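Each chain is listed here by its residues.
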Amino acid sequence: MGSNLATSAATAPDFAARASIALADDGLRRKFRRAMDGLMTKRAAQFPDPEAWTSLRARGAAIRRRSLARLPQLLEQLETRCRANGIQVHWAETSADADRIIQGILTDHGVRTLIKGKSMVSEEIHLNDFLAEHSISAVESDLGEFVIQLAHETPSHIIMPCIHKSKEDVATLFRDHIPNQAYTDDVDALTATARRVLREQFAGADAGLSGVNFAIAETGTLCLVENEGNGRLSTTLPPLHVAVMGLEKVVERLEDVPPLLSLLTRSATGQAITTYVNFISSPRKEGEQDGPREVHLVLLDNGRTRIFGDPQLQETLACIRCGACMNHCPVYTRVGGHAYDAVYPGPIGKILTPQIDGLATAGDLPHASSLCGACGEVCPVAIPIPNLLVRLRGEAAHQNSASTVMGAGARHSSVEDWVWRGWRLMHQVPLFYRVATRVLTRIGNAMPASLPMLNAWTSVRTKPRFARRPLNELVRSRGFDHE
Amino acid sequence: MSNARTAILDRLRAARPAPLPVLPEWSVTIPPAERLNRFSERLEASHAEVVTSTSGHWPSLLAERLKARGNTQGSANGSSVHYPPGTHHGRCLADAWTDKPELRLVAYDQPVEVLKDTLVHRVDAAVTATRGGIAETGTLILWPSAEEPRLMSLLPPLHVALVEAKEIYGTLTEAMMVQNWSAGLPTNALLISGPSKTADIEQTLAYGVHGPKELLVIVLDP
């Protein structure tokens, strides 16, 4: 039931409609509430000392800002060092370019089966669908990703992709899709089944694909963070490894990694460190027995250079993809990830998606927030997400030919414009103010709550009751009371 | 795609450069006296087993463990254990186990393409050295090599790792500095902090989803 509703929510026309459908799904809400409560508790336990948190966060935030401040130089340095290490570097301006580059590499090597470690960028470029059109089968090996691939769904969380699935859902999927698999909802048994099935896939795969958590310019090293070991298998067992990363993921030095790693794992899953941290600096060298013969790194732009051009919005690119903002978001917790109908859900998705896809299609996402500020408070690299949400709301509403945001002005409304002009005039000209407040105090209570435009507010709130006399009249008649 | 490279770099350079913020001071220190305890506690909290032994005694300790455990990959007779024959501890193991036919030592001395089936399906355990440990997080540092390939610590259901007590550092930063990582990293450097695990299904922890289900850490305190 839950998944049907979640799926239909994803096809509804806008966020509000999708959210309404998701909100009516009690099962879905229970699953997210439980998962988010657990993740928030675990994260809080990792940062018991506010001073330690503040200083670590300041360090991480500065590292990310320094990396961005020198982004073009660091990308060149990364490329030079990677090439010197034997890693081949490719540049992709768009999702389609990245897909074609990856398909080209795979086709050159005669790859039929690709085993994948978890990568949100590969979701962003919709790689699996593209490869399927070219007769290359991409198999997800992260347990959560494997589950949703069986269900033909998309991740509902960037760290825990199948939060919206219960163990019974997984048991049913496994029974229906894995040969000779009896129904069991025992999590250990399900995990063992995934191990058995995916081992065969690893052994038979012609290539492995991974994302990148940090790329280190100083040494030409790709750093991957995970718990399962599927990332290590994807990047070690097959003869070819293709890594794909958003070009903002580069950091300057190796010593930048420990603080960022600490912030990432503690914020994401409340772990002091993940089971595996994998530093890859080259393909298999002469005399070594394993590791891929070739390693390729694809650097993806897909709108990031445009975001980079705006000094305020550039902060979006500081993100290390921990997911803490969604774990703490009162909206995300209630509607789940699919209601956003975006690769990146939650608060970071609300600022990233409109900038990548444009405000014309994703302009409603910055409004999917109460601006409570929780996301900005927990962000381990101090991205002021609420400020950026407000900025993007403005970009969507204002027609400004100088704006660099894709689809700026897409949600411009003349009526809204006139309302605000009236509001401004009313506060600039005392006569208008007196007339307007007098009229509202006389007829305001008679206005029906269902009045068009007013009903957007009153549909979920009680209509305010107007006083019989405006405040400035009361003050005038009673005199100022300074106490 | 060199056009893409030029276009991307040109767009980045066209942006008004942001000021370069100062890096605020940050450090975590763990007093040397607390390191071994902290290291063991953290690893055990991550579902690893930590035992202390000496450089002379550990092969027999390991043999006892493996016999008690039995084979896990369903081979007919005894356990099959990957070891690095060319290293000091590999030779210690081979010398100590000459009278133990039920523990078969298998060298990983051919390319993975040749050994794939054995590696993926038939090995019960692997023994590797480490380049030390990290107390703060309960972490092993591995730099796989030609003698100790990358998959040894990943494919078998049990990974046995040897750590010298004197090589337990306070933090990752400290290990990187003392060992001068930035001067040159190997093909693959690894941090391992427990057995393979997942919580993807209803946030329920399950071990051994892809890598080892068990991690046995032997601290060598000579």
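Each remark here, short or long, concerns the structure printed above.
In this report, we go over the structure that sits alongside the text. (Residues numbered from 1 in each chain as written. Chains lettered and ligands numbered in written order. Predicted model: local features only at pLDDT ≥ 70, side-chain atom pairs only at ≥ 80, totals over all residues. Heavy atoms only, no water.)

### Quick look at the overall build of chain B
Right, so step 1: Secondary structure assignment for chain B yields 6 helices and 12 strands.
Right, so step 2: With the C-alpha coordinates aligned to their principal axes, the bounding extent of chain B is approximately 70 × 50 × 40 Å.
Right, so step 3: Taking the intrachain contacts of chain B between residues at least 6 apart in sequence as the baseline, contacts between residues at least 24 apart amount to 75%.
Right, so step 4: Carbon and sulfur atoms form 52% of the exposed surface of chain B, whose accessible area is close to 9,400 Å².
Right, so step 5: Measuring between centres, the 20 positive side-chain charges of chain B sit 7 Å from its 24 negative side-chain charges. (Helix = DSSP H or I, 4+ residues; strand = E, 2+ residues; numbered from the N terminus. Contact = heavy atoms within 4.5 Å. Areas by Shrake-Rupley, 256 points an atom, 1.4 Å probe, with all protein chains shown as cover. Lys, Arg positive; Asp, Glu negative; His and termini not counted. Charge placed at Lys NZ, Arg CZ, Asp CG, Glu CD.)

### Some points on the interface of chain A and chain B
You'll often see interface size given as the accessible area lost when the parts meet.
Right, so step 1: Contact residues are listed per partner, giving 92 residues for chain A and 74 residues for chain B.
Right, so step 2: In total, chain A and chain B occlude about 7,400 Å² of area from one another, counting both sides; carbon and sulfur atoms represent 60% of this.
Right, so step 3: Applying the counting rule to chain A against chain B returns 7 salt bridges.
Right, so step 4: Of the charged contacts in the structure, one is a salt bridge between Glu93 of chain A and Arg11 of chain B, with a shortest N-O distance of 2.9 Å.
Right, so step 5: At the junction of chain A and chain B, the tally comes to 43 residue pairs in polar contact (both at pLDDT 80 or more).
Right, so step 6: With 10 residues, the top contributor of residues to the side of chain A that touches chain B is helix H11 (residues 187-204) of chain A.
Right, so step 7: Residues that form the side of chain A that touches chain B fall into these classes: 41 nonpolar, 24 polar and 27 charged.
Right, so step 8: The sheet contact formed by strand E9 (residues 276-280) of chain A and strand E9 (residues 188-192) of chain B spans 5 bridges and is antiparallel. When the sheet's bridge partners are listed, Asn278 of chain A is paired in E9 of chain B with Leu190 of chain B. (Buried area = accessible area lost by both parts, 1.4 Å probe. Salt bridge = Lys/Arg side-chain N within 4 Å of Asp/Glu carboxyl O. Polar contact = N/O pair within 3.5 Å; in protein donor to acceptor, adjacent residues only side chain to side chain. Nonpolar A, V, L, I, M, F, W, Y, C, P; charged D, E, K, R; others polar. Pairing = 2+ DSSP bridges.)

### Let's talk about unusual backbone geometry
Residue and element names in this part refer to chain B.
Right, so step 1: Residue Asn180 is not a glycine yet carries a positive backbone phi of 50 degrees.
Right, so step 2: As for its placement among the helices and strands, Asn180 is situated in the loop between helix H6 (172-178) and E9.
Right, so step 3: For Asn180, a relative accessible area of 43% gives the class partly exposed.
Right, so step 4: The backbone of Gln203 sits at a positive phi, close to 55 degrees, despite the residue not being glycine.
Right, so step 5: Along the chain, Gln203 falls in the loop between strand E10 (197-198) and strand E11 (206-207).
Right, so step 6: Note on Gln203: relative accessible area 28%, which makes it partly exposed. (Buried < 20%, exposed > 50% of the residue type's maximum accessible area, 1.4 Å probe, protein only.)

### Considering the pairing of strand E4 (residues 125-129) of chain B
Residues and elements named next belong to chain B.
Right, so step 1: Most of E4 sits out of view: 4 of its 5 residues are buried.
Right, so step 2: Of the strand pairs in this sheet, strand E2 (residues 79-83) and E4 are connected by 2 bridges, and their pairing is parallel. Residue Val81 lies in a different strand from E4, and its bridge partner there is Ala125.
Right, so step 3: Sheet topology places E4 next to strand E7 (residues 158-164); 5 bridges connect them, and they run parallel. Residue pairing in the sheet places Ala129 in a bridge with Leu162 of E7.

### A closer look at the state of the cysteines
Right, so step 1: The tally for this structure, following the rule as stated, stands at 0 disulfides over all chains.
Right, so step 2: Here Cys162 of chain A stays free of any disulfide, with the sulfur of Cys322 of chain A as its closest cysteine sulfur at 19 Å. (Disulfide = S-S within 2.5 Å.)

### Things to note about the packing of helix H5 (residues 71-85) of chain A against helix H1 (residues 2-14) of chain B
Right, so step 1: Running from N to C, H5 of chain A and H1 of chain B point in directions that differ by 150 degrees, and their axes come no closer than 8 Å. On the basis of their axis angle, the class for H5 of chain A and H1 of chain B is roughly antiparallel. In this structure, H5 of chain A contributes Leu71, Pro72, Leu75, Glu76 and Glu79 of chain A to the contact, and H1 of chain B contributes Arg5, Leu9, Leu12 and Arg13 of chain B.
Right, so step 2: Residue composition of the contact of H5 of chain A with H1 of chain B, by class: 5 nonpolar, no polar and 4 charged. (Axes fitted to C-alpha atoms, helices over the stretch in contact; angles between N-to-C directions. Parallel < 35°, antiparallel > 145°, perpendicular 65-115°, else oblique.)

### A few points about the packing of helix H3 (residues 58-69) of chain B against helix H4 (residues 88-96) of chain B
Residues and elements named next belong to chain B.
Right, so step 1: Running from amino to carboxyl end, H3 crosses H4 at an angle of 65 degrees, the nearest separation of the two axes being 9 Å. For the crossing formed where H3 meets H4, the hand is right-handed. In this structure, H3 uses Trp58, Pro59 and Leu62 to contact H4, whose residues at the interface are His89, Cys92, Leu93 and Ala96.
Right, so step 2: Along the lines of polarity and charge, the residues of the contact of H3 with H4 split into 6 nonpolar, 1 polar and no charged. (Left-handed = near helix turned anticlockwise from the far one by under 90°.)

### Section: the packing of aromatic side chains
Residues and elements named next belong to chain A.
Right, so step 1: Counted by the stated rule, this structure contains 8 aromatic pairs over all chains.
Right, so step 2: A ring pair is formed by Phe32 and Tyr332, whose centres lie 5.5 Å apart and whose planes are at 80 degrees; its orientation type is edge-to-face. With a gap of 300 residues between them, Phe32 in helix H3 (residues 26-46) and Tyr332 in helix H16 (residues 330-335) connect regions that are remote in the sequence.
Right, so step 3: Here Phe32 falls in the buried class, since its relative accessible area comes to 2%. (Phe/Tyr/Trp six-rings, centres within 6.5 Å; stacked < 30°, edge-to-face > 60°.)

### With respect to empty space enclosed by the protein
Residues and elements named next belong to chain A.
Right, so step 1: Evaluation of the coordinates by the stated rule reveals 6 cavities of 30 Å³ or more.
Right, so step 2: Of the voids in this model, the largest cavity is the one considered here, and its volume is about 100 Å³.
Right, so step 3: Lining the largest cavity are 14 residues, with Cys319, Cys322, Cys325, Cys379 and Pro380 sitting closest to its centre.
Right, so step 4: Looking at the lining of the largest cavity residue by residue, the class counts come to 12 nonpolar, 1 polar and 1 charged.
Right, so step 5: Computed from the structure, the second largest cavity encloses a volume of approximately 80 Å³.
Right, so step 6: In this structure, the second largest cavity is lined by 14 residues; those nearest its centre are Cys329, Ser369, Leu371, Cys372 and Cys375. (1 Å grid on protein atoms, 1.4 Å probe; cavity = no way out; pocket = protein on both sides within 12 Å on 5 of 7 lines; lining within 4 Å. Points joined across faces, edges and corners; volume = space filled by probe spheres on them.)

### As for helix H9 (residues 143-150) of chain A
Right, so step 1: Burial analysis of H9 of chain A places 7 of its 8 residues in the buried class, the great majority of the element.
Right, so step 2: Where H9 of chain A is buried, its residues meet helix H7 (120-124), strand E3 (137-140), helix H10 (167-177) and H11 of chain A together with E10 of chain B.
Right, so step 3: The N-capping residue of H9 of chain A, defined by a side-chain oxygen 3.1 Å from the backbone nitrogen of Gly144 of chain A, is Asp142 of chain A.
Right, so step 4: One or two positions beyond H9 of chain A, positive phi appears at His152 of chain A, with a value near 55 degrees.

### Observations regarding a nonpolar patch on the surface
All names here are of chain A.
Right, so step 1: A cluster of nonpolar side chains, contributed by Leu425, Val429, Leu431, Phe432, Val435, Val439 and Ile443, occupies part of the molecular surface with about 570 Å² of accessible area.
Right, so step 2: Residue contributions to the nonpolar patch peak at 5 residues, all from helix H22 (residues 430-443).
Right, so step 3: Within the element layout of this structure, Val435 appears in helix H22.
Right, so step 4: What makes Val435 partly exposed here is its relative accessible area of 44%. (Patch = residues over 30% accessible without salt bridge, like charges linked within 9 Å, V, L, I, M, F, W, Y side chains within 5 Å.)

### A few points about the sheet that holds E7 of chain B
Residues and elements named next belong to chain B.
Right, so step 1: Across the sheet, 6 strands lie side by side as E1-E12-E7-E4-E2-E3; this open sheet has parallel pairing. On the outer flanks of this sheet lie strand E1 (49-53) and strand E3 (103-107), each paired with one strand and no other. Between one strand axis and the next, the sheet turns through 25 degrees on average, direction left out of account.
Right, so step 2: Pairing of E7 with strand E12 (residues 214-220) involves 7 bridges; the strand directions are parallel.

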